[in-house]
Amino acid sequence: MSILVVGISHRSAPLAVIEAVAVRPEGLGHLNARLVDADSLAEFMVIATCNRVEVIAEAERFHAAVNDIALALADVSGLTSTELSEHVYVHYDDRAVHHLFSLTCGLESMAWGEPQILGQVRNALSSAQRVGSVGRQLNSLVQQALRVAKRAHTETDLDVVARSLVQLGLDSLRPALPPISSARILVVGAGTMAGLALTTLNDAGAREVTIVNRDAARAAVLAQRHGGRTAEWADLPRLLGEVDLVISCTGAREAIITVDAVRRTRLESPGVGALAFLDLSLPADVDPGVIELCGVTHYGLASIKAGQADAEVPDDSRHVFRQVQDLITGEVAMYIARTHAHAVAPTVAALRARASTVVDAEVERLSHRLPDLDERSQAEIRKTVSRVVDKLLHTPTVRAKELNTSTEPGDYARVLHELFDLDPRDTVAVQSPPPTGSGDLG
């Protein structure tokens, strides 16, 4: 079995396709159900953000697994397999591990190096654990990816140069805005991105922030946590004429701020000044047509994607990029080496168990042939024979572990099986914990 990544992201597809594939909470259950039914997958986890959907899996059969995942994504999105095929990417084994480590460090993000993906991967793992779709292999891999990302944030200058989507948007809109400290700002939404927006605004010195959400209680929680005031959802049209900047991130299925609404607000408020929109939702919360209105500036995910296309890693961050890449390369090499060594470990354990059985049988036979041997003599004979066996097995088992790191996992395990005629059931036995029968009264 091998690690497999099948996904689609802002790097491989236009936002219109990403929008179609975007998995919402209700769609995640459907996608999980489709993947659970796939015999080609032993384990899987779904990472779904505003600009990517990826399935990380332990595949029983490579081609069947790729096909099953692609069909599941097509089913959830409503697109055909043909429509998706040109945008889907596939990574396998060490390339899949490298991709996951890079992704968790933020190197695959639309905003290069952004730390939010770390929490999103952690949440994806927790969700997969709750539904039982991950086991030992993926748990270990994703936990390692999270540790690698923490190393990247603490041992390199990644946090110094990393930018969030909110920061990228604010930087781009700065010419159209008054100073953040004096700007009147409206945040629409109360999810994770809204929380990030409020944190970023606080760090930038914002003083006048209003939060609006359909669920007023959630808006109140954010206001209490980050500061600012709340307003009723019904007040949204009026507020558009009273602010300088609107940051919208609701995750609604269609635009909640239309061209007509903005035009009407500006007609009803003749003295209204310039208005800027930072739309971080997919699908878009703000109709892009508002940019054609006089005095309105609009910046959304499509603008961020276009701005990042030519220079994904800013020049002043390239040395940090190399630092993180070097860290990831080393971690991938160590992970692959450990995985290969682990693949042969059950066979080595089975071999030693077989040797122990042979020693016990021979000592027992000797005790019958020499009944006058006392217990102390038998114990010394057992120790001597065991030491001989251990010394004979030491070099081949150590070499098997070392050489297995440079070949396909299991190659040397198969050689040991053949050389020592091991029963495959013995290997399974040492991999599995002993049963805890209900009749065991302790």
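What comes next concerns the included structure.

The rules we used
Residues numbered from 1 in each chain as written. Predicted model: local features only at pLDDT ≥ 70, side-chain atom pairs only at ≥ 80, totals over all residues. Heavy atoms only, no water. Helix = DSSP H or I, 4+ residues; strand = E, 2+ residues; numbered from the N terminus. Buried < 20%, exposed > 50% of the residue type's maximum accessible area, 1.4 Å probe, protein only. Contact = heavy atoms within 4.5 Å. Areas by Shrake-Rupley, 256 points an atom, 1.4 Å probe, with all protein chains shown as cover. Salt bridge = Lys/Arg side-chain N within 4 Å of Asp/Glu carboxyl O. Patch = residues over 30% accessible without salt bridge, like charges linked within 9 Å, V, L, I, M, F, W, Y side chains within 5 Å. Lys, Arg positive; Asp, Glu negative; His and termini not counted. Charge placed at Lys NZ, Arg CZ, Asp CG, Glu CD. Polar contact = N/O pair within 3.5 Å; in protein donor to acceptor, adjacent residues only side chain to side chain. Pairing = 2+ DSSP bridges. Axes fitted to C-alpha atoms, helices over the stretch in contact; angles between N-to-C directions. Expected span 1.5 Å × (residues − 1). Parallel < 35°, antiparallel > 145°, perpendicular 65-115°, else oblique. Left-handed = near helix turned anticlockwise from the far one by under 90°. Nonpolar A, V, L, I, M, F, W, Y, C, P; charged D, E, K, R; others polar. Core = buried A, V, L, I, M, F, W, Y, C linked by side-chain atoms within 4.5 Å.

Next up on the list: the overall build of the protein. Helix and strand counts for the protein stand at 18 helices and 10 strands. The 442 residues of the protein split such that 44% are buried. Across the protein, contacts joining residues at least 24 apart in sequence account for 73% of those joining residues at least 6 apart. Counting every atom, the protein has about 22,400 Å² of accessible surface; 52% of that belongs to carbon and sulfur.

In this section: the pattern of salt bridges. For the structure on display, the rule yields 12 salt bridges. A salt bridge links glutamate 108 to arginine 11; the nearest nitrogen and oxygen atoms lie 3.3 Å apart. You can see glutamate 108 sitting in the loop between helix H5 (94-105) and helix H6 (116-131) and its partner arginine 11 sitting in the loop between strand S1 (2-9) and helix H1 (15-21), a full 97 residues away along the chain. By relative accessible area, glutamate 108 is classed as buried at 17%. With relative accessibility at 36%, the residue arginine 11 sits in the partly exposed group. For aspartate 171, the salt bridge identified is with arginine 174, shortest N-O distance 3.1 Å.

Moving on, we come to a positive patch on the surface. Taken together, the side chains of Arg122, Arg147, Lys150 and Arg338 define a basic patch exposed on the protein surface. Of note, arginine 122 is situated in helix H6. Judged by relative accessible area, which is 34%, arginine 122 ranks as partly exposed.

What follows covers the side chain of glutamate 43. Here glutamate 43 is to be found in strand S2 (residues 41-49). Salt bridges are absent for the buried glutamate 43, whose nearest opposite-charge side chain, arginine 136, sits at 6.9 Å. One polar contact links the side chain of glutamate 43 to the main-chain amide nitrogen of leucine 138, over a distance of 3.0 Å. When residues no more than four places from it in sequence are discounted, the contact partners of glutamate 43 are Ile56, Ala57, Glu58, Ser133, Val134, Gly135, Arg136, Gln137, Leu138 and Asn139.

Taken together, four strands build an open sheet; the order of strands is S2-S3-S1-S4 and the sheet is antiparallel. At either end of the open sheet lies a strand with only one pairing partner, and these are S2 and strand S4 (89-92). Direction aside, neighbouring strands of the sheet carry axes that sit 15 degrees apart on average. Across eight bridges, the pairing between S2 and strand S3 (residues 52-59) is antiparallel. The residue of S3 that forms the bridge with glutamate 43 is glutamate 58. Of the strands in this sheet, S1, S2, S3 and S4 are in contact with H5, which crosses S4 at around 115 degrees.

Across its 16 residues, helix H3 (residues 62-77) extends 23 Å between first and last C-alpha, which sits within 8% of the 22 Å expected from 1.5 Å per residue. Looking at H3, one finds that the buried residues are Ala65, Ile69, Ala72, Leu73, Ala74 and Ser77. Immediately beyond the C-terminal end of H3, within one or two residues, lies glycine 78, with a positive phi of roughly 85 degrees.

Let us now look at the packing of helix H9 (residues 165-173) against helix H10 (residues 192-203). Close contact between H9 and H10 brings their axes to 9 Å; oriented N to C, the two are set at 55 degrees. Looking at the two axes, H9 sits oblique to H10. Considering only the axes of H9 and H10, their crossing is right-handed. Within the contact between the two elements, H9 uses Leu165, Val166, Gln167 and Leu170 and H10 uses Met193, Leu196, Ala197, Thr200 and Leu201. Of the residues belonging to the contact of H9 with H10, the class tally is seven nonpolar, two polar and no charged.

What follows deals with the environment of leucine 366. Following the sequence through the fold, leucine 366 ends up in helix H15 (residues 318-369). In this structure the C-alpha to C-alpha distance between leucine 366 and glutamine 378, which are 12 residues apart in sequence, comes to 8.8 Å. Leucine 366 has contacts with Leu373 and Ile381, leaving out every residue within four places of it along the chain.

This part takes up the nonpolar core. Of all hydrophobic cores here, the largest spans 59 residues; its most connected members are Leu35, Ile69, Ile185, Leu245, Ile247 and Leu280. Beyond its immediate stretch of four places on either side in the chain, leucine 280 contacts Leu165, Val166, Met193, Ile247, Ser248, Cys249, Leu301 and Ile304.

This part is about the side chain of glutamine 144. Summarising the element assignment, glutamine 144 is placed in helix H7 (residues 136-155). Accessibility expressed as a relative area gives 10% for glutamine 144, which makes it buried. Here glutamine 144 is in contact with Phe101, Glu331, Tyr335 and Arg338, once residues within four sequence places are set aside.

So, about the pairing of strand S9 (residues 275-279). Extensive coverage of S9 is indicated by the burial of five of its five residues. With four bridges joining them, strand S8 (residues 245-248) and S9 adopt parallel strand pairing. In the sheet register, valine 246 faces S9, and the bridge partner there is phenylalanine 277. Two strands pair when backbone bridges link them, and S9 and strand S10 (residues 296-300) are joined in this way by five bridges, in the parallel orientation.

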